[in-house]
Structures are given as C-alpha cells and as structure tokens.
Amino acid sequence: MKRRIAREIVVQSLYQIEMNGVTGDEAVDIVMEEARQENEIGTDVAELANIDAFTRELVQGVQDKQESIDQSLVVYLTGWQVDRLSRVDRQILRLAYELTYRKEVPPKVVINEAIELAKHFGLEENGKFVNGVLGRMLREREESQSPEGDKS
C-alpha cells in the first residue's frame, strides 16, 4: 500500500471538505475520481483501489477528532491561529493526528510525511513550518512522558 499517495489524497479530500462543504466520503470520491481520470498523482489506477479504505479511515479520523486536533495545534502555533493558516498547511497539520491517535506509524515517519506533503503542495518554507510545529509537538510530548529524573 502506498501510504504517501493515500495521504496526498487525504489532504486533498480535507481541502475539498473545507472548501465545498461535502462529506468525507464525497470528498474522497471526488479526489479519487480526479486521480483516476488525470492520473496526476503518478500511480497505477489499480493502486487507488488498494488505498481507498486507508484513505477513508484517515479522513474520518481527522473529521472525528478535528476539534481536539485544532485545540492541540493552537499550543504549538506560536503567534498563529489555526484559522489563519493556509488551507493546505491546516489540512496537513490536521492529518498529523496520526501522532496522537494512531500508534502504528512511528512519530518521526508521521512528521517526515507531513513535511513532504507540505513541500509537495506548497513551498520549501511550508515544509520548514510544518516541521517546526510538529517537531515541537513531538519534543514536548516526549519530555512530558519521560521520568522526572531523566533530564539527559
């Protein structure tokens, strides 16, 4: 399964939801259909069927936890508000819900994927911004989980 392609579709689907007020399933259907017709994501059309369930699972997960995700992000967006972010960066940071709610992917992989998505959909600076936010989030979570005496 090509999870990076699935994540690209998730970001595009979350964008569709925000821009057009469609449901998660409708958004995924729209993006998948565009991908099948234009093959702009550079994958075999048959591969899209293999990532469909994972894609829908991520979209639904972000939607279910969006309020909590946004509240968490506010803490790490120094000088920014979630609603002031670019729509694409906002969706990428929301997708990083995998850091908190899905434990099967190592945190550093989640962050790397988010950085690559930010660069893919934006500029190099977008990747640096996403890295800064998610890196800080991960560091603070790791520090809060380490034993008090372990300050190495």
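I will try to describe carefully the structure that is included in this document. Treat the numbers as computed from the prediction; the structure is a model and nothing was measured. (Residues numbered from 1 in each chain as written. Predicted model: local features only at pLDDT ≥ 70, side-chain atom pairs only at ≥ 80, totals over all residues. Heavy atoms only, no water.)

## A short note on the environment of leucine 77
Then comes step 1: Note that leucine 77 resides in the loop between helix 3 (45-76) and helix 4 (87-95).
Then comes step 2: A C-alpha to C-alpha distance of 9.9 Å links leucine 77 and valine 130, two positions 53 residues apart in sequence.
Then comes step 3: Beyond its immediate sequence surroundings of up to four residues, leucine 77 is in contact with Val82, Leu85, Leu93, Phe129 and Val133. (Helix = DSSP H or I, 4+ residues; strand = E, 2+ residues; numbered from the N terminus. Contact = heavy atoms within 4.5 Å.)

## A short note on the packing of helix 1 (residues 3-20) against helix 4
Then comes step 1: One can describe the packing of helix 1 onto helix 4 by two numbers: an axis separation of 9 Å at closest approach and a directional angle of 120 degrees. Looking at the two axes, helix 1 sits oblique to helix 4. In the packing of helix 1 onto helix 4, the handedness of the crossing is right-handed. On the side of helix 1, the interface is formed by Arg7, Val10, Val11, Leu14, Tyr15, Glu18 and Met19, while helix 4 contributes Arg87, Val88, Arg90, Gln91, Ile92, Arg94 and Leu95. (Axes fitted to C-alpha atoms, helices over the stretch in contact; angles between N-to-C directions. Parallel < 35°, antiparallel > 145°, perpendicular 65-115°, else oblique. Left-handed = near helix turned anticlockwise from the far one by under 90°.)

## A few points about the packing of helix 1 against helix 6 (residues 107-121)
A pair of packed helices is captured by two measures, namely the crossing angle of their axes and the spacing between those axes.
Then comes step 1: Running from N to C, helix 1 and helix 6 point in directions that differ by 60 degrees, and their axes come no closer than 11 Å. As far as their axial angle goes, helix 6 and helix 1 are oblique. Along this stretch, helix 1 crosses helix 6, giving a crossing that reads as right-handed. Between helix 1 and helix 6, the contacting residues are Arg4, Arg7, Glu8, Val11 and Gln12 on the first element and Asn112, Glu113, Glu116, Leu117, His120 and Phe121 on the second.
Then comes step 2: Of the residues belonging to the contact of helix 1 with helix 6, the class tally is three nonpolar, three polar and five charged. (Nonpolar A, V, L, I, M, F, W, Y, C, P; charged D, E, K, R; others polar.)

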